[in-house]
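# Residue-level structure breakdown
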Amino acid sequence: MSEQERRPESDGRDFADAAWSVPSYLLSGILVWGGLGWLLAKWSGVHAFIPIGVILGAVLAVYLVYLKYGR
């Protein structure tokens, strides 16, 4: 559907999609990278990988949100 053919009611749907996408990116980034950090911590015995993975996941998720919605 082109921009000219858009109906006014679809504009609210775009906002709702963004409202669900942003927390989903943040949560999935934290869970995936935190999970990888947890696996590395279990494997190596160094428990510092867990917070590193969580922080890295949050930073990468914020960067992805910026790339998708911030520009």
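Look a little higher up for the structure.
Taking 1.5 Å per residue as the helical rise, helix 2 (residues 49-70) with its 22 residues ought to reach 32 Å, and the 30 Å between its terminal C-alpha atoms agrees with that figure. Looking only at helix 2, the buried set comprises Gly53, Gly57, Ala61 and Val65. Each buried residue of helix 2 lies within a common arc of 100° when the element is viewed along its axis, so the set occupies one face. For helix 2, the exposed residues lying more than 90 degrees away from the buried face are Ile52, Ile55 and Val59.

Together, Val32, Trp33, Leu36, Trp38, Leu39, Leu56 and Leu60 make up an exposed nonpolar region whose accessible area comes to about 630 Å². Elements with a contribution of two residues or more to the nonpolar patch: helix 1 (9-44) and helix 2. For the nonpolar patch, the leading source of residues is helix 1, giving 5 residues. In this fold, Trp38 is placed in helix 1.

Position of Ile30 among the secondary structure elements: in helix 1. On a C-alpha basis, the gap between Ile30 and Leu60 in space is 9.0 Å, while along the polypeptide they are 30 residues apart. Among residues more than four places away in sequence, those in contact with Ile30 are Gly35, Val54, Gly57 and Ala58.

Here is what the cut-offs are and how they apply
Residues numbered from 1 in each chain as written. Predicted model: local features only at pLDDT ≥ 70, side-chain atom pairs only at ≥ 80, totals over all residues. Heavy atoms only, no water. Helix = DSSP H or I, 4+ residues; strand = E, 2+ residues; numbered from the N terminus. Expected span 1.5 Å × (residues − 1). Buried < 20%, exposed > 50% of the residue type's maximum accessible area, 1.4 Å probe, protein only. Arc of directions from axis to C-beta. Patch = residues over 30% accessible without salt bridge, like charges linked within 9 Å, V, L, I, M, F, W, Y side chains within 5 Å. Areas by Shrake-Rupley, 256 points an atom, 1.4 Å probe, with all protein chains shown as cover. Salt bridge = Lys/Arg side-chain N within 4 Å of Asp/Glu carboxyl O. Contact = heavy atoms within 4.5 Å.

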